[in-house]
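Understanding the architecture of this molecule
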4 protein chains.
Amino acid sequence: MKRKINVGMLGTKFMGKAHSHALKDVSIFFDLDVEPVMKTLCGSGDHSDLGDLAEKYGWEKWTSDWREVINDPEIDAVAILTPGHLHKEMAIAAAERGKHIICEKPLGNSLAETKEMLEAVQINKVIHMTNFNYRKVPAVTLAKKLVDEGRLGEIIHFKAVYQQDWVVDSDWVWRFDKKQAGSGSMSDKGSHIIDLARFLVGEMTEIVADSKIFFGSKPVAGTLERKPVTTDDTCTFLTRFANGAMGLFMTSRVSTGHKNFLSFEITGTKGSVIFNLERLNELAVFLKDEERSVQGFRTVLATEPSHEYVRNMWPTGHTIGWEHTFIFQYYEFLKGISENKNPSPNFLDGVKAQEIIDAALKSVEEKRWIKI
Amino acid sequence: MKRKINVGMLGTKFMGKAHSHALKDVSIFFDLDVEPVMKTLCGSGDHSDLGDLAEKYGWEKWTSDWREVINDPEIDAVAILTPGHLHKEMAIAAAERGKHIICEKPLGNSLAETKEMLEAVQINKVIHMTNFNYRKVPAVTLAKKLVDEGRLGEIIHFKAVYQQDWVVDSDWVWRFDKKQAGSGSMSDKGSHIIDLARFLVGEMTEIVADSKIFFGSKPVAGTLERKPVTTDDTCTFLTRFANGAMGLFMTSRVSTGHKNFLSFEITGTKGSVIFNLERLNELAVFLKDEERSVQGFRTVLATEPSHEYVRNMWPTGHTIGWEHTFIFQYYEFLKGISENKNPSPNFLDGVKAQEIIDAALKSVEEKRWIKI
Amino acid sequence: MKRKINVGMLGTKFMGKAHSHALKDVSIFFDLDVEPVMKTLCGSGDHSDLGDLAEKYGWEKWTSDWREVINDPEIDAVAILTPGHLHKEMAIAAAERGKHIICEKPLGNSLAETKEMLEAVQINKVIHMTNFNYRKVPAVTLAKKLVDEGRLGEIIHFKAVYQQDWVVDSDWVWRFDKKQAGSGSMSDKGSHIIDLARFLVGEMTEIVADSKIFFGSKPVAGTLERKPVTTDDTCTFLTRFANGAMGLFMTSRVSTGHKNFLSFEITGTKGSVIFNLERLNELAVFLKDEERSVQGFRTVLATEPSHEYVRNMWPTGHTIGWEHTFIFQYYEFLKGISENKNPSPNFLDGVKAQEIIDAALKSVEEKRWIKI
Amino acid sequence: MKRKINVGMLGTKFMGKAHSHALKDVSIFFDLDVEPVMKTLCGSGDHSDLGDLAEKYGWEKWTSDWREVINDPEIDAVAILTPGHLHKEMAIAAAERGKHIICEKPLGNSLAETKEMLEAVQINKVIHMTNFNYRKVPAVTLAKKLVDEGRLGEIIHFKAVYQQDWVVDSDWVWRFDKKQAGSGSMSDKGSHIIDLARFLVGEMTEIVADSKIFFGSKPVAGTLERKPVTTDDTCTFLTRFANGAMGLFMTSRVSTGHKNFLSFEITGTKGSVIFNLERLNELAVFLKDEERSVQGFRTVLATEPSHEYVRNMWPTGHTIGWEHTFIFQYYEFLKGISENKNPSPNFLDGVKAQEIIDAALKSVEEKRWIKI
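When you go through chain A residue by residue, the secondary structure sums to 11 helices and 17 strands. Over its C-alpha atoms chain A spans a radius of gyration of 21 Å, differing by no more than 12% from the 21 Å that the globule rule assigns to 372 residues. Summarising its shape, the C-alpha atoms of chain A cover approximately 65 × 55 × 40 Å along the three principal directions. Going through the 372 residues of chain A one by one, you find that 62% of them count as buried. Relative to all contacts within chain A whose residues are 6 or more apart in sequence, the contacts with residues 24 or more apart total 70%.

The structure is reproduced here in structure tokens:
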């Protein structure tokens, strides 16, 4: 009999669905020494249909009081999927009660918050993970492998954008409120590409950033009212990496035409790769050590058994979808619990990403380069 | 309380996993009046790990005797995922015991077989479905919608290919044996694009086909032996449709470089669309009724709530994977059972596709155009 | 002093401009032992602005009587760019007067015509060329090189389409008249892809074809009249090649959305290439003899000095346009004259292509496979 | 009789060929009131084959003394194509003798130089042009048209990169010497994208830039020696535009895999466009005012008669090459002379681009935002 891991989940909306799905599916694809049990789903108090939702997603119980989950001795692990300003309190409470934690990104709304969270999980020796799920896209792991094996040579540039356009026509949502969200595209979208930069190229040493709010207020749905927007629509920034590479970044939620365009390019002295989340099964790969007349960026379909996680999915040529990255995260989280070994990316990665976000926001405010 | 639908599944390999996954996930995404229960998994006798597999996939019971499943009065519906030559016997037995049936494609290995199967499900009034899952790709349903709304005008061409390359380096498998598989790329790949042609353009009236075995024998894994290949590697065919359109087709399992390249183009007098399964979240759409200087094929990311099935998945820009098509099939299958109304595509579609496959094989043999 | 080659040109419209441009430019890019002189331009009698056109394009003289050009003892070579039904008489007359000939495709309107033309140039020992200019696209020459070097292995499939859509909205033009044009998309577009098939894969042995006129009549510009269309809008055909490969073809002038989409794919047992005329500086290349995890179709930008003709153009990365293929043809034509050695593709290639076109038309008429 | 414009050209290498070609071809495509005459070609003193080259390109005379050209009273216009540090002296001398001038980019090696040049052409009332040829790509003129017509709404982002990789494996060339070249990728590549930014979005107000030399020395061809590199390999910069838009830029000559990848994206509140020089016949266009279910970036093939300059080239679907942009520049230059009206882009544009380049270099040096 496998050891059971009872999970509680704080958050029910978009992320609640994605995480529930991942938990339900992880055992189909991966052989684990532990067995996740979908114990308790926790939604906010205004959730009239919480019971239906819990049943639909496969949870045994539900509650609208997150402390009930945290205090439940049966619960071994919690997933924190609430707006950013709630992360700290929930994570620290969970850690103090010995719960393992997987937390959505950005880990907190400031460097100070995330450091407290990291301290709590370290002191309480629980397994912790930050849900930078794009590290787990097989095409991204292939990029990482090529970098690590030196096949791209010395890395000299990293260029990344994360462009969406939903804000152009959106009503007011909590993400437009600095108090709840910390910042706008910078933390929401930027945390992902900052994490990928760290994962793929290494630590950054300096940053200069610009940001702007193009849509200063937004209509409140179902009313004639408008509320102010206090978080950035777009951010641009330049960085330097510890290994000497240069970085170029853009995050935007007003990039008309782009739905979920997270794209990066890693340039090395021997080769380059280009990734685009909207075609997440592909990696464009250029390798210079080939006969020049047939060189070119290859469209590698990252669906081979040799590509990470893929051997657990489907045969060659059968593509995966966006939410599979959550399954891969849960696989790593549960394996971490099973082996009592912290998986990657964890709270330290959440702290490091926040350090850069904070530096970026400071750079915007003070209009100058900031050391990290 | 929802009515429970107890399902038995015959087949455990690639398709067994895909169907199990779909059954497990369907309730997360769709609201159904019935509740599927994963009752019994049936694998072949040489399956030492059948129990483990059943547990992993979420089945309550398992057996290596398919008749046990068919004869189990608890079972309401069966999924038939075995090699083609076994479909007929299983389906007829299941129908006779009043089980609803979802059967893998091609429905049978000959027109005669499929007609018997159709007769059985009709006489026994069970719900039936043929798993032409690509009808359910949201981008394909968008293509269908554009055709049906007349936005492409009169349809004049349909061009489709299904190209893979796994046979080039493959060991011998059952698919190379005409007795078990009926034919080669023609039935395995061809059945899919023939079904899409019927779905998107309509019935065909005539066909002329060519086929070839390029690799006449294949090594038997783990031995020094080679076994003959008696099924086609590649098929090409021309058709005419009842509505006057012309068809052009290719199926191949030796198309070096293509992993799962099912691509079609529908040309109408007012517009055209192009689809490619390796980028299944996209549909290229050309509409002629626009200012000429900005005309062009649009890359529509079919991840909008307005795209079929998508509103049940994730927000705009979050792509789905290949196996989600199975979830959509199970949604339709279960809804069919719930409403006692046959979903599409069903056994009649399986028969119609087989009629064309048989005509193609006859055309190859007699080297002439064949009326359908 | 270089030997001067005095050229006369029969035809002034689209092709007249393209050929004039090529003649004017060829010396900038290529070092030749002969010097082309743009002597006489010949347009049809209704050409009020022939003088202006000749001056604009750089011709010394002009006339509306083609026999004057043919009979001019100063003229060394003629370019025949008139509608197809005029080629034969002009080419034979030119050959008999010892003029070297470059003739537009299709070479004639029937196999019989082209054979007479070939006989005339052979008897009179003049240099001859058929303007299948797409053989000279650098990306196509790269494809040919990969085939010849065996890097694609044994060639097993050739798939080619040539799709345009100008007929959908077009007024009546001479190309719709079978008497003037021979056939429709089959000769106009088909001759190009048939020539490429022969160039890249080899001779064909059998064909089965289908064709259709979708737009039965067309308005005569500036009138209320409509005239019948007697040439095909679309053709589809299957072939077998002498080396065992299978062929799949489509030609269409009613493919809504496609402006000049000539695309082919060569599949070999070791690799494949894909070409598309609308992106003529690129060749997609797949080579199987690579580490599987980074395999994929490469987008080779065929602008390297190692790519044929390119070293005479611009440095790496500077793309060429459609009309440069004509410059390359004239380079080969003039080199042929200089070295008294027939270039490729010549009238024999024009005959061979016509043989296949005639077989295709016969196959359509008799609705059966035709041996070539 | 048309007025003759006698042209002298200073420079014979890559640019000499491109400009000669353009001058030779311009009359084939465009109807001008003046007739350009290719009078004198001027190459450097070490040019043993200057005569051959002049003949090949179609020049009447040649010299290795540029002052001879400038002082020749027959000469009406000069093209200056020499390394950047020579531009100023040549341009001022030419202007003082009343010659019209087309000068390669960057116009000079510093803002001070370019201002002197501008003053000289203004005082002497000669027609002047800076060869920012990419403004003339038909797809770019289409982008400009969409911006000007307001079809993209308010412009909020401009993102541009110009990436090549020839420096990675290159020997030492004059472009690596700050004295001759001013700066590296910043002026060589950056001047182009800065000019496009100004052309498409408007003036910039602020900049912060970073740059780096990755390859500090380079081998001198044919020797064992290495010489230092004093010009940047890569530049990244952020800008603000006067209209409130944000800018993000990268220039690199060490971007492994990119041959001539100048790409930009203009984002507006109603639409966006994306351009890539390696596919210069295409513009990706997104327009938000459409039914959402068929929205997507369209691949517009900018080969319609309605696209600027294209009606003078070939029919729909027949692509142009890189060097045609030079033909379009000469058309504008000669029309400017004919109408005594300064074309765009002219020396003022050269000055404005240099102002931004100088600000970028200063920003790198002082590591801070610089007002423009």
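Additional details are given in the paragraphs that follow.
The next subject is the interface of chain D and chain B. As a measure of interface size, the accessible area lost when the parts come together is often cited. Listed as interface residues are 15 residues of chain D and, on the opposing side, 15 residues of chain B. If one sorts the elements of the side of chain D that touches chain B by residue count, strand β16 (residues 297–301) of chain D sits on top with 5 residues. When its residues are assigned to classes, the side of chain D that touches chain B shows 6 nonpolar, 6 polar and 3 charged. Where strand β16 (residues 297–301) of chain B lies against β16(D), 3 bridges are found, and the strand directions are antiparallel. Among the inter-strand pairings, B:R298 is bridged to a residue of β16(D), identified as D:R298.

The transformation that overlays chain D on chain B combines an axial shift of 0.0 Å with a rotation of 180°, and the residual RMSD is 0.0 Å. The transformation just described matches what one would write down for a two-fold rotation axis. Rotation axis and chain D: the residue whose C-alpha lies nearest the axis is D:R298, separated from it by 1.9 Å. Here 100% of the contact residues of chain D are again contact residues in chain B; the copies associate through an equivalent surface.

Turning our eyes to something else, we now look at the sheet that holds strand β5 (residues 100–103) of chain A. Residue and element names in this part refer to chain A. If you walk across this open sheet you meet the 6 strands as β3-β2-β1-β4-β5-β6, and the pairing is parallel. One side of each edge strand has no neighbouring strand; the edge strands of this open sheet are β3 (61–63) and β6 (128–130). Neighbour to neighbour, the strand axes of the sheet diverge by 20° on average, direction disregarded. Note that strand β1 (residues 3–10) and strand β4 (residues 77–80) share 4 bridges and pair parallel. If you follow M9 over to β4, its bridge partner there is A79.

We now examine the sheet that holds strand β5 (residues 100–103) of chain C. All names here are of chain C. Reading across the sheet, the 6 strands line up as β3-β2-β1-β4-β5-β6 and stay open at both edges, with parallel pairing between neighbours. One side of each edge strand has no neighbouring strand; the edge strands of this open sheet are β3 (61–63) and β6 (128–130). In this sheet, neighbouring strand axes are inclined to one another by 20° on average, regardless of whether the strands run parallel or antiparallel. Packing against the sheet, helix α1 (residues 14–29) makes contact with β1 (3–10), β2 (34–42) and β4 (77–80), and its axis sits at approximately 155° to β2. Packed on one face of the sheet, helix α10 (residues 324–339) meets β1, β2, β4, β5 and β6 and runs near 115° to β2.

A separate point is the interface of chain A and chain D. Facing the 31 residues of chain A at the interface are 31 residues of chain D. Here the element with the most residues in the side of chain A that touches chain D is strand β12 (residues 246–252) of chain A; it accounts for 4 residues. Split by residue class, the side of chain A that touches chain D holds 12 nonpolar, 12 polar and 7 charged.

Turning our attention to the confidence of the model for chain A. The predicted model of chain A has a mean per-residue pLDDT of 96, with 99% of residues at 70 or higher. Interface predicted TM-score (ipTM) for the complex: 0.95; the corresponding pTM is 0.97.

Within a regular beta strand, the side chains point alternately toward one face of the sheet and then the other, so they alternate between its two faces. Residues and elements named next belong to chain B. In terms of burial, strand β7 (residues 155–163) is largely enclosed, as 9 of its 9 residues are buried. Sheet analysis places β7 next to strand β13 (residues 261–268), joined by 8 bridges and oriented antiparallel. Bridged to I155 within β13 is G268. Where β7 lies against strand β12 (residues 246–252), 7 bridges are found, and the strand directions are parallel. In the strand pairing of β12, A160 is matched with F249.

Okay, helix α5 (residues 111–123) of chain D next. Residue and element names in this part refer to chain D. Between the first and last C-alpha of α5 there are 18 Å, a value that for 13 residues agrees with the 18 Å anticipated at 1.5 Å per step. Of the positions making up α5, those classed as buried are E113, T114, M117, L118, A120 and V121. Along α5, the residues classed as buried sweep out an arc of 160° about the axis, all on the same side. Those residues of α5 that are exposed and aimed more than 90 degrees away from the buried face are A112 and I123. Those residues of α5 that are buried are in contact with α4 (87–96), β5 (100–103), β6 (128–130) and α11 (347–366). Note on α5: the residue one or two positions beyond its end, K125, has a positive phi of about 50°.

Residues and elements named next belong to chain B. Taken N-terminus to C-terminus, the directions of helix α1 (residues 14–29) and helix α10 (residues 324–339) make an angle of 70°; their axes are 8 Å apart at the nearest point. Considered as vectors, α1 and α10 are oriented roughly perpendicular to each other. Seen from above, α1 lies across α10 with right-handed handedness. Here α1 contributes A18, H19, H21, A22, L23, D25, V26 and F29 to the contact with α10, which in turn contributes F326, I327, Q329, Y330, Y331 and L334. The class makeup of the residues in the contact of α1 with α10 is 10 nonpolar, 3 polar and 1 charged.

Residue and element names in this part refer to chain C. Take R151: it is sitting in the loop between α6 (138–148) and β7 (155–163). A C-alpha to C-alpha distance of 41 Å links R151 and R3, two positions 148 residues apart in sequence. Residues within four places of R151 in sequence aside, it is in contact with L146, K270, G271 and L287.

Here we take up the domain arrangement of chain A. All names here are of chain A. Here chain A is partitioned into domain 1 (3–131) and domain 2 (134–321 + 352–366). For domain 1 versus domain 2, the distance between C-alpha centres works out to 25 Å. Residue-level contacts link 13 residues of domain 1 with 15 residues of domain 2. Of the residues that constitute the side of domain 1 that touches domain 2, the class distribution is 6 nonpolar, 6 polar and 1 charged.

Residues and elements named next belong to chain A. Within helix α9 (residues 190–200), 9 of the 11 residues are buried, leaving the element largely enclosed by the surrounding structure. Looking at α9, one finds that the buried residues are G190, S191, H192, I193, I194, D195, L196, A197 and L200. Where α9 ends, the next residue or the one after it, G202, has phi of about 125°, a positive value.

Residues and elements named next belong to chain A. Burial along β4 is two-sided: A77 and A79 and V78 and I80, pointing in opposite directions, are all buried. When β4 meets β5, the two strands line up parallel, connected through 4 bridges. Its bridge partner being in β5, A79 is matched across the sheet by I102. In terms of handedness, the path from β4 via helix α4 (residues 87–96) over to β5 forms a crossover that is right-handed.

Rules used throughout
- Residue positions are given per chain, counted from 1 along the sequence in the order it is written.
- A letter from A marks each chain and a number from 1 marks each ligand, given out in the order of writing.
- In keeping with the predicted nature of the model, local features appear solely for residues at pLDDT of at least 70, side-chain atom pairs appear and are counted solely at 80 or more, and the whole-chain, interface and lining totals rest on all residues.
- Secondary structure follows DSSP: runs of H or I at least 4 residues long count as helices, runs of E at least 2 residues long count as strands, and numbering of each begins at the N terminus.
- Restricting the calculation to C-alpha atoms gives the radius of gyration, and the globule rule supplies 2.2 Å times the number of residues raised to the power 0.38.
- With C-beta atoms placed from the backbone, a residue is buried if 20 or more other C-beta atoms are within 10 Å of its own, exposed if 12 or fewer are, and partly exposed between those counts.
- Here contacts are defined at the residue level, using C-beta atoms placed from the backbone and a cut-off of 7 Å between them.
- Lys, Arg, Asp and Glu make up the charged group, whereas Ala, Val, Leu, Ile, Met, Phe, Trp, Tyr, Cys and Pro make up the nonpolar group; the residues left over, Gly among them, are polar.
- DSSP calls a pair of strands paired once it identifies at least 2 bridges connecting them.
- Residues below a pLDDT of 70 in either copy are left out; the C-alpha atoms of the rest, at least 70 in both, set the least-squares superposition of the copies.
- What counts as an axis is a line fitted to C-alpha atoms, over the stretch in contact for a helix, and the angles between N-to-C directions run from 0 to 180 degrees.
- The pLDDT score gives, residue by residue, the confidence of the prediction method on a 0 to 100 scale.
- Here the expected span of a helix is defined as 1.5 Å times the quantity of residues minus one.
- Directions pointing from the helix axis toward each C-beta atom define the arc.
- The labels follow the angle: roughly parallel below 35 degrees, roughly antiparallel above 145, roughly perpendicular from 65 to 115, and oblique for the rest.
- Left-handed describes a crossing in which the near helix is turned anticlockwise from the far one by less than a right angle; the clockwise case is right-handed.
- Boundaries between domains were set according to an automatic or database domain assignment.
- Seen with the strands pointing away from the viewer, any crossover whose path from the first strand over the helix to the second strand runs clockwise is right-handed.

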